[in-house]
Amino acid sequence: MNARNRSTLQVALTVIVVAGLAVDAYVHFHLASAFQNNKTSTLSEADLFRVEAVAAVVAAAALLVRPRRYTAAFAFLVAAGGTAAVVVYRYVDVGAFGPIPNMYDPFWAPAEKTLSAIAEAAAAIAALWLFVLFHQQRRTAAPNQPDAVPARG
């Protein structure tokens, strides 16, 4: 893949990740107050929704400001974690554990929940792909970097 095509692909993937994380953040901020009463003595589900939303905003901003392997990896972890949580709590009644309240919700309503799951999954896939592209770039650029220490024989 030539440099121009790689750059175009990286921009497209970054847009997908940032858009997916933006949807994730919006939905979690928007729905948080609806889950305020589902809580343990330490945390409410609303608190966890707000943490997810802030993590999504931070991951999206970090990827925009510093498009590197580690920011792509962080974006992947946030998006994949959100996807896993919504799917697990949809199909499995995990129950409350420690400070985490029981967040089992066997319905895909409201529509925002479905939208968030799709956006998070798309962002996770794109972030993983972006991580691989950054990793490949790093590996091909490393031998040509002037600060590389030559191997001793």
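One can find the structure itself at the top, above this paragraph.
All of the points below concern the structure found in this document. (Residues numbered from 1 in each chain as written. Predicted model: local features only at pLDDT ≥ 70, side-chain atom pairs only at ≥ 80, totals over all residues. Heavy atoms only, no water.)

Details of the overall build of the protein
Logical step 1: Helix and strand counts for the protein come out as four helices and zero strands.
Logical step 2: Starting at the N terminus and walking to the C terminus, you meet the elements of the protein as α-α-α-α.
Logical step 3: Computed over its C-alpha atoms, the radius of gyration of the protein comes to 19 Å, more than 25% above the 15 Å expected for a compact globule of 153 residues.
Logical step 4: Principal-axis analysis of the C-alpha atoms places the extent of the protein at approximately 65 × 35 × 25 Å.
Logical step 5: Of all 153 residues assigned to the protein, the portion counted as buried reaches 35%.
Logical step 6: Across the protein, every contact between residues at least 6 apart in sequence was considered, and the portion connecting residues at least 24 apart equals 66%.
Logical step 7: Just so you have it, the protein exposes about 9,100 Å², and 67% of that area is on carbon and sulfur atoms. (Helix = DSSP H or I, 4+ residues; strand = E, 2+ residues; numbered from the N terminus. Rg over C-alpha atoms; globule rule 2.2 N^0.38 Å. Buried < 20%, exposed > 50% of the residue type's maximum accessible area, 1.4 Å probe, protein only. Contact = heavy atoms within 4.5 Å. Areas by Shrake-Rupley, 256 points an atom, 1.4 Å probe, with all protein chains shown as cover.)

Description of the nonpolar core
Logical step 1: Formed by 22 residues in total, the largest nonpolar core has its most connected members in Leu 13, Val 17, Leu 21, Ala 75 and Leu 130.
Logical step 2: Mapped by element, the contributors of at least two residues to this core are helix 1 (3-32), helix 2 (45-65), helix 3 (69-91) and helix 4 (111-141).
Logical step 3: Of all the elements, helix 4 adds the most residues to this core, at seven residues.
Logical step 4: Among residues more than four places away in sequence, those in contact with Leu 13 are Ala 126, Trp 129, Leu 130 and Leu 133.
Logical step 5: Among the nonpolar cores identified, the runner-up in size contains five residues, and Val 27, Leu 31, Ala 32 and Phe 49 belong to it. (Core = buried A, V, L, I, M, F, W, Y, C linked by side-chain atoms within 4.5 Å.)

A short note on helix 1
Logical step 1: The end-to-end C-alpha distance of helix 1 is 43 Å, a good match for the 44 Å that 30 residues give at a rise of 1.5 Å each.
Logical step 2: Between the side-chain oxygen of the N-cap and the backbone nitrogen of Arg 4 there are 3.2 Å, and the N-cap of helix 1 in question is Asn 2. (Expected span 1.5 Å × (residues − 1). Polar contact = N/O pair within 3.5 Å; in protein donor to acceptor, adjacent residues only side chain to side chain.)

Structural notes on the packing of helix 1 against helix 3
Logical step 1: For the pair helix 1 and helix 3, the least separation of the axes is 11 Å and the interaxial angle reads 40°. Relative to helix 3, helix 1 is oriented oblique. Both helix 1 and helix 3 take part in a crossing whose hand is left-handed. Where helix 1 abuts helix 3, its residues Val 17, Leu 21 and Asp 24 lie against Ala 75, Val 78 and Ala 79.
Logical step 2: For the contact of helix 1 with helix 3, the residue count by class is five nonpolar, no polar and one charged. (Axes fitted to C-alpha atoms, helices over the stretch in contact; angles between N-to-C directions. Parallel < 35°, antiparallel > 145°, perpendicular 65-115°, else oblique. Left-handed = near helix turned anticlockwise from the far one by under 90°. Nonpolar A, V, L, I, M, F, W, Y, C, P; charged D, E, K, R; others polar.)

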